[in-house]
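Chain and residue survey
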Amino acid sequence: MKEKISKREAIFYSHKMAQLSKALWKAIEKDWQDWIKPFQLNINEHHILWIAYHLKGASISEISKYGVMHVSTAFNFSKKMEERGLLQFSKRENDKRNTYVELTDAGIELLEATLNEYNPEDNSVLRGVMPMTEMYGKLPEFLDLSALIKEIYGDEYIEILERSLENIEEEPLVQQPTDIEDYKKKSRSS
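Residues numbered from 1 in each chain as written. Predicted model: local features only at pLDDT ≥ 70, side-chain atom pairs only at ≥ 80, totals over all residues. Heavy atoms only, no water.

1. Here's the deal with the packing of aromatic side chains
All chains considered together, the criterion is met by six aromatic pairs. Lys79 extends its terminal NZ or CZ atom over the ring of Phe89, reaching a point 5.0 Å from the ring centre. Seen from the ring of Tyr100, Arg92 lies directly overhead, with NZ or CZ sitting 3.9 Å from the centre. (Phe/Tyr/Trp six-rings, centres within 6.5 Å; stacked < 30°, edge-to-face > 60°. Lys NZ or Arg CZ within 6 Å of the ring centre and 35° of its normal.)

2. Some points on a negative patch on the surface
A cluster of acidic side chains, namely Glu159, Glu162, Glu166, Glu169 and Glu170, defines a negative patch on the protein surface. Here Glu170 shows up in helix α8 (residues 155–170). Owing to a relative accessible area of 62%, Glu170 belongs among the exposed residues under this scheme. (Patch = residues over 30% accessible without salt bridge, like charges linked within 9 Å, V, L, I, M, F, W, Y side chains within 5 Å. Areas by Shrake-Rupley, 256 points an atom, 1.4 Å probe, with all protein chains shown as cover. Salt bridge = Lys/Arg side-chain N within 4 Å of Asp/Glu carboxyl O. Lys, Arg positive; Asp, Glu negative; His and termini not counted. Charge placed at Lys NZ, Arg CZ, Asp CG, Glu CD. Helix = DSSP H or I, 4+ residues; strand = E, 2+ residues; numbered from the N terminus. Buried < 20%, exposed > 50% of the residue type's maximum accessible area, 1.4 Å probe, protein only.)

3. What about helix α4 (residues 71–83)?
The first and last C-alpha atoms of α4 sit 18 Å apart over 13 residues, in line with the 18 Å expected at 1.5 Å per residue. For α4, every residue scored as buried is listed here: Ala74, Phe77, Ser78 and Met81. The arc enclosing the buried residues of α4, seen along the axis, measures out at 105 degrees, which places them on a common side. Immediately downstream of α4, the backbone of Gly85 shows phi near 80 degrees, a positive value. (Expected span 1.5 Å × (residues − 1). Arc of directions from axis to C-beta.)

4. Here we look at a nonpolar patch on the surface
Judged by side-chain polarity, Leu24, Trp25 and Ile28 come together as a nonpolar surface patch covering roughly 250 Å² of accessible area. Mapped onto the fold, Leu24 is located in helix α1 (residues 7–36).

5. Re the pairing of strand β2 (residues 87–92)
When β2 meets strand β3 (residues 95–103), the two strands line up antiparallel, connected through five bridges. Residue Ser90 lies in a different strand from β3, and its bridge partner there is Tyr100. (Pairing = 2+ DSSP bridges.)

6. Focus: the sheet that holds strand β1 (residues 58–59)
Ordered in space as β1-β3-β2, the three strands form an open sheet in which the pairing is antiparallel. Lying at the two open borders of the sheet, with one neighbouring strand each, are β1 and β2. Alignment of β1 against β3, held across two bridges, turns out to be antiparallel. In the sheet register, Ser59 faces β3, and the bridge partner there is Tyr100.

7. Section: the environment of Lys37
Topologically, Lys37 is positioned in the loop between α1 and α2 (43–54). Looking at Lys37, the relative accessible area reads 63%, which means it is exposed. As a C-alpha pair, Lys37 and Thr114 span 77 residues in sequence and 9.6 Å in three-dimensional space.

8. Section: the nonpolar core
Ranked by internal contacts, the top residues of the largest apolar core, which has 32 residues, are Ile48, Leu49, Ile63, Leu87, Val101 and Leu103. Only α1, α2, α3 (60–66), α4, β2, β3, α5 (105–117) and α8 provide two or more residues apiece to this core. Considering every element that reaches this core, the biggest residue donor is α2, with six residues. Among all residues touching Leu103, those that are not within four sequence positions of it are Leu49, Ala52, Tyr53, Leu86, Leu87, Ile108 and Leu111. (Core = buried A, V, L, I, M, F, W, Y, C linked by side-chain atoms within 4.5 Å. Contact = heavy atoms within 4.5 Å.)

9. Let's talk about unusual backbone geometry
One non-glycine residue, Gln40, lies in the positive phi region at around 55 degrees. Within the secondary structure, Gln40 sits in the loop between α1 and α2. Unusually for a residue other than glycine, Lys56 sits at a positive phi of about 55 degrees. Residue position: Lys56 is located in the loop between α2 and β1.

These figures capture arrangement, not role.
Structure below.
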């Protein structure tokens, strides 16, 4: 560290960051689980679908890196989704060492169904920032947090995040709300 801070300041900062991050993650995790539960997905599976979609196919190591999960977690959940017909595994002609996953049509359909079913009013974090949004006229930008994550995970992590955000803005992925019951019936019959 270039600047000297006292051990007390370091402990104070680390503890505050841990407590705030854990509390925020707990809210995000609950909202995310509640959102995707009707689609028989867990957070890791949904995250893998998103990553494979935005990267237009991703290696298991990329899923691990950008999904901030262990390689075995990325592989095991991807394998489970392959068995459900949501992903397909492949090797690339120019890269035989890595295993890649791509969404199948059923995987794309499922991801789109989850996005169409997203309800901002059910998101506690979004509800929590609304007073700031009303005060400042926009959602918080997380500049400090983005800079911190960039220092920890590197430029490439932030570039992938930014690419996925651009995809969300540009692509007509989210259409009309999906009838969850119709989706369940359709997925049972296939």
